[in-house]
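Analysis of the macromolecular model
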Amino acid sequence: MFDCANVEMRELLPELAAGTLDDATRARVERHIGSCAECASELETLRLVRSAYAVTPTVDVRRIAAALPKAVLLPEGAHKGPPVKRWVDWRVAAALTMISVGGLSLALAHRRSTEAPPRDSTVAVPSVDTSSAQPGKPAVVGSPPGGHDTTRRINRSGVPATPPPKAQLAFAGGMDDMDDTSIKALLGALDEMDRAPVAPSEEPDPTPVLPVIKTGQP
Amino acid sequence: MTRMAQDHEPNDDSTDLELIARWKAGDERAATSLVARHAPALARFAISLGQRTDVDEVVQDTFVRAFGSLHSFRADSSLRTWLFTIQRRLILDRRRSERRRRDDTSVDDVDAATEFDALDEIVADEAESRVKKAVDQLSRLQKEVFLLRVNEGLSYKEVAEVVGSTEGAARVHYHNAMRAVKESLYV
C-alpha cells in the first residue's frame, strides 16, 4: 500500500470528506482523485471512519445549560481579566507596612534627637539648710533634721522649673555639655536661690496612709 | 443508553464570540445556544476517547468547567477547540482516578477491549465495525489526533492545541494512524 506523493492533495482529503472546502479547491481535489487510486482509497477510508463515528449519544441541552454557572455582571470599567493573585496583594500590603513602620521609626528617632535629650535630663541637687547657715560659715548640705526631703532640681537654663516656694529646678542635659561660663552662671543662680527664704511646704505628704481596720481582736 | 442523536444546531446565527459576549451580559439563552452548538461534537469526541458511560455527564462537566473560566478564553483558537481541550483533560483525569481504583490494571488495554464491545452494540454494519476495530488499535494519542482531524475537521494546529503537542507532531501522528488503519482494513 502506497501513499500519494502529492502531499498538498492528501492533506486536503479530510476537509473534502468533511465538506468544508470551498468550491474551487474542492473541484481541484476531486480532479486529482479522479486520476489517483491512492487518494481515492484514502478518501473512502475517511468516509468510513466518519460514518462509523457519526453516532453520538443524545445530550440534554437544557439540563446542561441549567447547570452552567451564571455570568457575573461586572460594572463598567471593572477588571474583567483573570483574578489578580492574592499573594501579590499580600506582598504589596507587606511592603507598604514596612515602609510605614520604617518611616515612623525614622521620624521618631529624628524627633528624639532634636527635641529630647539622650539621657536623664534632671540632676538632683541636695537641699541646703539655709536656716542653720551663718555668716562666714558654709551651709549644711543634706536632709533636714525632720527627714523631709527638700531635694531641688534645676534645669540647664538655670531658671527654676517650679515656683520659688518649692525651690526645685529642672536641669535639662548633662553637666558635661556645659562650658565653664555656663557652669559659673548656674552656680550663681544656685547661690541666689539659696539666699532666698524657703517657705514650708503646704502640700500634703504624698505618702499614702493605709486605713487602720479594727478586727475586734486584741 | 446511547442512541442516534440529532445535532442541536441552534437557530442563532451569531458567532461563538458574540454568544459569549451576550452570555456575559446576562443573556442565558446565549449559553443554551452554545451548548446546543457544541455538545454533540463533544459527545462524539468523548466516545472516541473511550468514554463508554456517563457521556452526558462528561459533556456537562466540560461545559460547567468551561463557563466557569470563560474569562480566560482568549479566542486565539476556536471555542470548540478549547472545549475539546478541556474535555480531553477531564476524561484523562477521570481515567487516572479509575486507574487508581482498579489497582494497576492497564487502562489502555481495558479501554481497547471494552470500548470496542460497547461500541459494537450500536454499530450493525460490518464495515463500520472493522473501521472501529482498526481505530481502536491505535495508540491513544494517534487515535485522538486521527479522530479530531477526520471526524471533527480540526486543522493540525488545532489538533496540536487539543492534545498538547506541536503541529508537526500532530501531522506525523495523523499519517501514521492513517497508514495503520488502512493496513488493518485492506491488508
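Residues numbered from 1 in each chain as written. Chains lettered and ligands numbered in written order. Predicted model: local features only at pLDDT ≥ 70, side-chain atom pairs only at ≥ 80, totals over all residues.

Details of the overall build of chain B
For clarity, the cut-off: Strands here are runs of E lasting at least two residues and helices are runs of H or I lasting at least four, both read from the DSSP assignment and numbered beginning at the N terminus. Working definition of burial: number of other C-beta atoms within 10 Å of the residue's own, with buried at 20 or more, exposed at 12 or fewer, and partly exposed in between, all C-beta atoms being placed from the backbone. Our contact criterion uses C-beta atoms placed from the backbone: two residues qualify when those atoms are within 7 Å.
Summing up its helical and strand segments, chain B has nine helices and zero strands in all. Going from the N terminus to the C terminus, chain B shows its helices and strands as α-α-α-α-α-α-α-α-α. Here chain B, with 187 residues, has 38% of them falling under the buried criterion. Partitioning the intrachain contacts of chain B with sequence separation of at least 6 by distance along the chain shows that 60% fall at a separation of at least 24.

Some thoughts on the overall build of chain A
Within chain A one finds six helices and four strands. Evaluated residue by residue, chain A yields a buried proportion of 14% over its 218 residues. Taking contacts inside chain A between residues at least 6 apart in sequence as the whole, the part at least 24 apart equals 49%.

Description of the interface of chain B and chain A
Counting residues at the interface gives 47 residues for chain B and 32 residues for chain A. Elements with a minimum of two residues in the side of chain B that touches chain A: α1 (16-24), α2 (28-48), α3 (55-68), α6 (126-136), α7 (140-150) and α9 (167-186) of chain B. Here the element with the most residues in the side of chain B that touches chain A is α2(B); it accounts for 10 residues.

Some points on the nonpolar core
All names here are of chain B. Counted only if it meets this: Here, a nonpolar core denotes buried Ala, Val, Leu, Ile, Met, Phe, Trp, Tyr and Cys residues that are linked to one another through C-beta atoms within 7 Å.
Core analysis: the largest hydrophobic core is formed by 60 residues, its most contacted members being V35, A39, A46, V59 and F146. Of the residues forming this core, the biggest block, 11 residues, is contributed by α2. Dropping the residues within four chain positions of it, F146 is found in contact with V135, L138, Y174, A177 and M178.

Some points on the packing of α2(B) against helix α4 (residues 79-101) of chain B
Residue and element names in this part refer to chain B. Counted only if it meets this: Axis definition: a line fit to C-alpha positions, over the contact stretch in the case of helices; interaxial angles, taken between N-to-C directions, run 0 to 180 degrees. Crossing handedness is defined as follows: a turn of the near helix away from the far one that is anticlockwise and smaller than a right angle gives a left-handed crossing, while the clockwise case is right-handed. Residues are grouped as follows: Ala, Val, Leu, Ile, Met, Phe, Trp, Tyr, Cys and Pro are nonpolar; Asp, Glu, Lys and Arg are charged; all remaining types, including Gly, are polar.
Where α2 contacts α4, the two axes come as close as 10 Å, and the packing angle between them is 40°. Along this stretch, α2 crosses α4, giving a crossing that reads as right-handed. Each of H38, A41, L42, F45 and A46 in α2 lies in contact with α4, whose residues at this interface are L79, R80, L83, F84, Q87 and I91. Of the residues that constitute the contact of α2 with α4, the class distribution is eight nonpolar, two polar and one charged.

A few points about the packing of helix α8 (residues 156-163) of chain B against α9(B)
Residues and elements named next belong to chain B. The condition that has to hold: Roughly parallel means an angle under 35 degrees; roughly antiparallel, over 145; roughly perpendicular, 65 to 115; everything else is oblique.
At a minimum axis distance of 8 Å, the contact between α8 and α9 shows a crossing angle of 100°. Comparing their axes, α9 and α8 come out roughly perpendicular. Here Y156, K157, V159, A160 and V163 of α8 lie close against α9, whose contacting residues are E167, A169, A170 and R171. Residue classes in the contact of α8 with α9 are distributed as six nonpolar, no polar and three charged.

Side note on α1(B)
The α-helix winds at 3.6 residues per turn, so residues separated by three or four positions along the chain end up facing the same way. Residue and element names in this part refer to chain B. Stated precisely, the cut-off is as follows: Throughout, the arc means that of the directions going from the helix axis to the C-beta atoms.
For α1, the complete set of buried residues consists of L19, I20 and W23. All buried residues of α1 lie within an arc of 100° about the axis, which places them on one face of the element. Here the buried face of α1 lies against α2. Immediately downstream of α1, the backbone of G26 shows phi near 110°, a positive value.

Examining unusual backbone geometry
All names here are of chain B. Notably, D54 is not glycine yet its phi reads approximately 55°, a positive angle. Tracing the sequence through the fold places D54 in the loop between α2 and α3. Owing to 12 C-beta atoms within 10 Å, D54 belongs among the exposed residues under this scheme.

Brief notes about the environment of B:V64
Assignment of secondary structure puts B:V64 in helix α3. The contacts of B:V64, once residues within four sequence positions are left out, are A:A67, A:L68 and A:P69.

Topic: the environment of B:V162
With respect to the helices and strands, the residue B:V162 is situated in helix α8. Overall, B:V162 belongs to the buried group, with 25 C-beta atoms counted inside 10 Å.

Section: the environment of A:A18
Residues and elements named next belong to chain A. Relative to the helices and strands, A18 resides in helix α1 (residues 7-18). The class for A18 is partly exposed, based on 16 C-beta atoms found within 10 Å. The sequence separation of A18 and L46 amounts to 28 residues, and the corresponding C-alpha distance is 9.1 Å.

Section: the confidence of the model for chain A
Residues and elements named next belong to chain A. Stated precisely, the cut-off is as follows: The pLDDT score gives, residue by residue, the confidence of the prediction method on a 0 to 100 scale.
Across chain A, the average pLDDT comes to 69, with 51% of residues at 70 or higher. The lowest-confidence element of chain A is strand β3 (residues 140-141), averaging 45 in pLDDT; the highest-confidence one is helix α2 (residues 23-34), averaging 95. Within the model, pLDDT remains below 50 along residues 136-159, and this stretch shows 52 contacts once partners closer than five positions in the same chain are excluded.

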